[in-house]
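Listed below, chain by chain, are the residues.
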Amino acid sequence: MHRTYENDDIVVFWNSDKCFHARRCVNGSPKTFCPGQKPWINLNNAETKEIWQAISQCPSGALTCLYRHDIDVTFDQESNRSIALDNGKEIGECDYQITDDVWNIYHTGVSSDYQGKGIAKRLVYKVLEEAERNNAKVTATCSYARKILNI
């Protein structure tokens, strides 16, 4: 399972397939990481510095984070894509097509002025989250998405 959690400052990525429950996140920021609750991550309960430090202790790499840079990422189901917006201006997209309940991510791109900020990862994760909510399998012919999926 892939999930993103956001506040005004940061985006946290969680890949449950990598998590082996070392609990360093819980110990590092117990108000943020609460395994018995849904959602189990609440970024509004601690300062960004504390959250970032707790995530940096994750031994499996299941948790990662980056700054939002005031970029919004939304899901556009009608167009089979996720999009990144900077004050309403489209700056990136992740496109997929559906065949037999399988979502194939075939393109991920971010405008050159915005590269290197983790926006592509956010775009792919947005598609992964929606696919999982729809009980769809995901594959990728897009090289970047394949990297995220480890395929």
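This text follows the structure it describes.
What counts and what doesn't
Residues numbered from 1 in each chain as written. Predicted model: local features only at pLDDT ≥ 70, side-chain atom pairs only at ≥ 80, totals over all residues. Heavy atoms only, no water. Salt bridge = Lys/Arg side-chain N within 4 Å of Asp/Glu carboxyl O. Helix = DSSP H or I, 4+ residues; strand = E, 2+ residues; numbered from the N terminus. Buried < 20%, exposed > 50% of the residue type's maximum accessible area, 1.4 Å probe, protein only. Core = buried A, V, L, I, M, F, W, Y, C linked by side-chain atoms within 4.5 Å. Contact = heavy atoms within 4.5 Å. Pairing = 2+ DSSP bridges. Axes fitted to C-alpha atoms, helices over the stretch in contact; angles between N-to-C directions.

**Q** How should the pattern of salt bridges be read in this particular structure?
**A** Opposite charge on two side chains permits pairing when their charged atoms draw close. Taken as a whole and assessed by the stated rule, the structure comprises eight salt bridges. Here Arg133 and Glu130 are joined by a salt bridge, their closest N and O atoms 3.3 Å apart. With a gap of three residues between them, Arg133 and Glu130 both fall in helix α3 (residues 119-133), about one helical turn apart. Residue Arg133 is classed as partly exposed on the basis of its relative accessible area of 49%. Three or more residues are tied together by salt bridges with common partners; here these are Glu6, Arg68, Asp72 and Arg122.

**Q** Would you explain the nonpolar core in this entry?
**A** One recurring pattern in soluble globular proteins: nonpolar side chains tend to sit buried together. Core analysis: the biggest nonpolar cluster contains 27 residues, and Ala84, Ile105, Ile119, Leu123 and Val124 have the highest contact counts within it. Among the secondary structure elements, those contributing two or more residues to this core are β2 (10-15), β6 (89-99), β7 (102-110), α3 and α4 (143-149). Apart from residues no more than four positions distant in its own chain, Ile119 is found in contact with Ile71, Ala84, Ile91, Val110 and Tyr114. In terms of nonpolar packing, the next biggest core, distinct from the first, is built from 18 residues, Tyr5, Leu43, Ala62 and Cys65 among them.

**Q** Any chance you could explain unusual backbone geometry here in plain terms?
**A** Outside of glycine, negative phi angles account for most residues, and trans bonds account for most peptide bonds. Residue Pro39 follows Lys38 across a cis peptide bond; omega there is -10°. Checked against the element boundaries, Pro39 lands in the loop between α1 (24-28) and α2 (48-56). Here the phi dihedral of His21 falls at roughly 55°; this positive angle occurs in a residue that is not glycine. Summarising the element assignment, His21 is placed in the loop between β2 and α1. Assessed through its relative accessible area of 61%, His21 is described here as exposed. The phi dihedral of Asn135 is positive, around 55°, even though this residue is not glycine. By secondary structure assignment, the location of Asn135 is in the loop between α3 and β8 (137-140).

**Q** I keep staring at the sheet that holds β8 and nothing clicks. Help me out?
**A** One key point about sheets: their strands pair by backbone hydrogen bonds, in either a parallel or an antiparallel sense. Strand order in this open sheet of five strands is β4-β5-β6-β7-β8, and the pairing throughout is mixed. Strands with a single pairing partner mark the edges of an open sheet, and in this sheet they are β4 (72-76) and β8. Strand-to-strand, the axes of this sheet are offset by a mean angle of 25°, without reference to chain direction. In the sheet, β7 pairs with β8 via four bridges, with the strands oriented parallel. Bridge pairing links Val102 to Lys137 in β8. Relative to the sheet, α3 contacts β4, β5 (81-86), β6, β7 and β8, its axis offset from that of β7 by approximately 160°.

**Q** How should the sheet that holds β2 be read in this particular structure?
**A** Taken in spatial order, the three strands make up an open sheet running β1-β2-β3, and their pairing is antiparallel. The sheet is open, and its two borders are formed by β1 (2-6) and β3 (63-67), each paired with just one other strand. Strand-to-strand, the axes of this sheet are offset by a mean angle of 20°, without reference to chain direction. Taken strand by strand, α2 contacts β2 and β3, and its axis lies near 140° from that of β3. Contacting β1, β2 and β3, α3 runs over the sheet at an angle of about 120° to β1.

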